[in-house]
Amino acid sequence: MTLLIIIIVLALIFDYINGFHDAANAIATVVATKVLTPFQAVLWAAFFNFLAYWVFGFGVADTVAKTAHTMEINLVVILAGVIAAICWNLLTWWLGIPSSSSHTLIGGFAGAAVAHAIAVHGFSGYVGEDGATHYWYEIVSWYKAGKDGGMPSGVLIIIAFIVLAPLLGALASYLISIWLLNASRKIIGPKIFTVALMIATVWLVSNLMVPYADIDKPRFESHFWSVAFDPHNIKWFLVAFIILTVSAFCLIFSSLNLHQADAALKKMQLLSSAAFSLGHGGNDSQKVMGIIAAAVAVYIHTNPGVHMDSWLDVVLPNDDLGVKGVMPGWIPLACYSAIAAGTLSGGWKIVKTMGSKITKVTSFEGVAAETAGALTLYFTEHLKIPVSTTHTITGSIIGVGLTKRVSAVRWGVTVSLIWAWILTIPISAILAGLVYFVLSVFIS
C-alpha cells in the first residue's frame, strides 16, 4: 500500500509539473500579443484548466491506463515510468524545449513495462495465463482495433498522432485564417459561406447531443440540466459556441475599421485561449488519472483478496466484458487541481519559444491558432486519443504563419522542436527502463 501511495503522490507531482511545463501552450499567444499580462494569463489558463473537471469524461484516462497490460506488470513498472517522465519533463523545461508531457508519460510507462517483461521472461517466448505463447514486446498494447469499426487504440495510434495532431492543428488554423482574411473583405461570398457554416454547425451539434434516456448517470434531477451538463454534450456545446462566435465576428468584420477589428480580436483571444486551456486541462489531467487507475488495478491484481477502501475503489472499464469504469471523485478533482496549480507557476522559457520564436503572432493569428488548437483537442479527446497539447498548438501557430508566407515560419526552430517530439518517447522509454532496473534492486 505504501508503494501505491507513493505512486499516486508522484503522479500528482508530475501533473503539477505538466501544468507549468505546458502553461506556455495556452498563454503564449495572449502574452505575445499583450492581451493579458503574464500573471493575468496564467490565472486565466489555470481557471479553465480546473473548469475542465466538469466538462470532460475519462476516455483518454482509460487509453493511458491500458498502455501496458496491467495483469502482467507490477507497481515498480508504474513508479519507474512516472519517475522517468518527471525527469524528462524537468530537463526539457529547464532547456526551454516545448516537448510533450503526454508522450513522456506514455513512453515512460511503456519502457518500464518492456524492461519488466525482459527481466521476468527474457527474450524468449513464455506461456501466459491464457495458455498461449507470448513475447516480451507484447506486454505493451501496441494496437487494438476499434469496437464496431470505431477508432483503434494503442501506443502506435498515439505515436501516429505525433504527426497527425500538429498537422490537424496547422490545417485547421490555416483554414480559419483564410476564412477570417476573406471575411474582412467587403464582398458577399464569405458572408454566405459563414451563414451556411452556422446553419451546418447548429444542425450537426443538435444531432450529436445525447438525450436524457441515454445518460448513464444524470447529474441533476432536472432532465434539461442533466442533458445540458452531460460531459459529452458540453463538449459539443463548446464546439458550437466557438464556431458561432467566430462566425458572428466574420459577419461584421468587413464593416470594422482597423482599430475596431484589433480590439474585437483581442477580446476574442480571451475566448480562444480559454477554450484551449479547457482542452489542455481535460486532455492532460486524464493521463494522470489513467496512471493512478492503472496503479490501483495492478495493486489489486498483485494482492488478491485485498480489501480496498472506498477512496481507492477504481475499476478499469472493459468493453469486451461490458464492465463500466469506476473512478472515485477525489482522483479527477486532485488531478485537475494539480495541473491548475502548475499552470499558475508558469513556464516562461517555453512561453518565449511558443509566442515569438516560431513566427510573429498578432491578435489575428492568436485567435486562429488557439481556436484551431482547441477544436483539435476536443476532437481527439472525443476519440479517446491522448495527444500532445504542445504539438497541437505548435502546429496551429505554424499554420497561421503559412498564411503570410512560408518564410514567415522560422523553420530552424520548428525542426528543433520536431526532433524533440520524435525523441521524447524513445528517450523516456529508455530512461524508464533503466530506472526500473535500479528500483528492482531495492524493491522486491
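In this text the structure is predicted, and so the values were computed from the model without any measurement.

**Focus: the overall build of the chain**
Part 1: For the chain, the helix and strand inventory stands at 15 helices and two strands.
Part 2: Counting the 444 residues in the chain, one finds 53% classified as buried.
Part 3: Across the chain, the fraction of contacts at a sequence separation of at least 24, relative to all contacts at a separation of at least 6, is 79%.
Part 4: As displayed, the chain has an accessible area near 19,100 Å², and 71% of this comes from carbon and sulfur atoms.

**Remarks on the confidence of the model for the chain**
Part 1: For the chain, the average pLDDT comes to 83, and 89% of its residues sit at 70 or higher.
Part 2: The least confident element of the chain is helix 12 (residues 348-357), whose mean pLDDT is 47; the most confident is helix 7 (residues 189-208), at 94.
Part 3: Below a pLDDT of 50 lies the segment residues 349-359, which in the model reaches 49 contacts outside its immediate sequence neighbourhood of four places, other chains included.

**Overview of helix 14 (residues 389-404)**
Part 1: With 16 residues, helix 14 should reach 22 Å at 1.5 Å per residue; the first-to-last C-alpha distance of 24 Å fits that figure.
Part 2: For helix 14, a buried count of 14 out of 16 residues is recorded, marking the element as mostly surrounded by other parts of the structure.

**Things to note about the pattern of salt bridges**
Part 1: Taken as a whole, this structure holds three salt bridges when the rule is applied.
Part 2: With a closest N to O distance of 3.8 Å, K266 and D262 form a salt bridge. Remark: D262 and K266 occur in helix 10 (residues 258-302); sequence separation between them is four residues, near one turn of the helix.
Part 3: The class of K266 is partly exposed, set by a relative accessible area of 30%.

**Observations regarding helix 13 (residues 363-382)**
Part 1: Here helix 13 is 20 residues long and its end C-alpha atoms lie 28 Å apart, about the 28 Å a rise of 1.5 Å per residue gives.
Part 2: Looking one or two residues beyond helix 13, the residue adopting positive phi is K384, at roughly 65°.

**Overview of the packing of aromatic side chains**
Part 1: For the coordinates displayed, the defined rule picks out twelve aromatic pairs.
Part 2: Each ring, one from F249 and one from F253, has its centre 4.6 Å from the other, and the planes form 40°; the classification is tilted. Of this pair, F249 and F253 both sit in helix 9 (residues 231-253), four residues apart, which is roughly one turn of that helix.
Part 3: The exposure class of F249 is buried, given its relative accessible area of 4%.
Part 4: Classification of F253 by relative accessible area gives buried; the value is 9%.
Part 5: Three or more aromatic residues link up through ring pairs in this structure, and these residues are F123, Y135, W136 and Y137.

**Points about the environment of A293**
Part 1: With respect to the helices and strands, A293 occurs in helix 10.
Part 2: According to the relative accessible area criterion, A293 is buried, its value standing at 3%.
Part 3: Residues A293 and A61 lie 232 residues apart in sequence; the distance between their C-alpha atoms is 8.1 Å.

Thresholds, definitions, all that
Residues numbered from 1 in each chain as written. Predicted model: local features only at pLDDT ≥ 70, side-chain atom pairs only at ≥ 80, totals over all residues. Heavy atoms only, no water. Helix = DSSP H or I, 4+ residues; strand = E, 2+ residues; numbered from the N terminus. Buried < 20%, exposed > 50% of the residue type's maximum accessible area, 1.4 Å probe, protein only. Contact = heavy atoms within 4.5 Å. Areas by Shrake-Rupley, 256 points an atom, 1.4 Å probe, with all protein chains shown as cover. pLDDT = per-residue confidence, 0-100. Expected span 1.5 Å × (residues − 1). Salt bridge = Lys/Arg side-chain N within 4 Å of Asp/Glu carboxyl O. Phe/Tyr/Trp six-rings, centres within 6.5 Å; stacked < 30°, edge-to-face > 60°.

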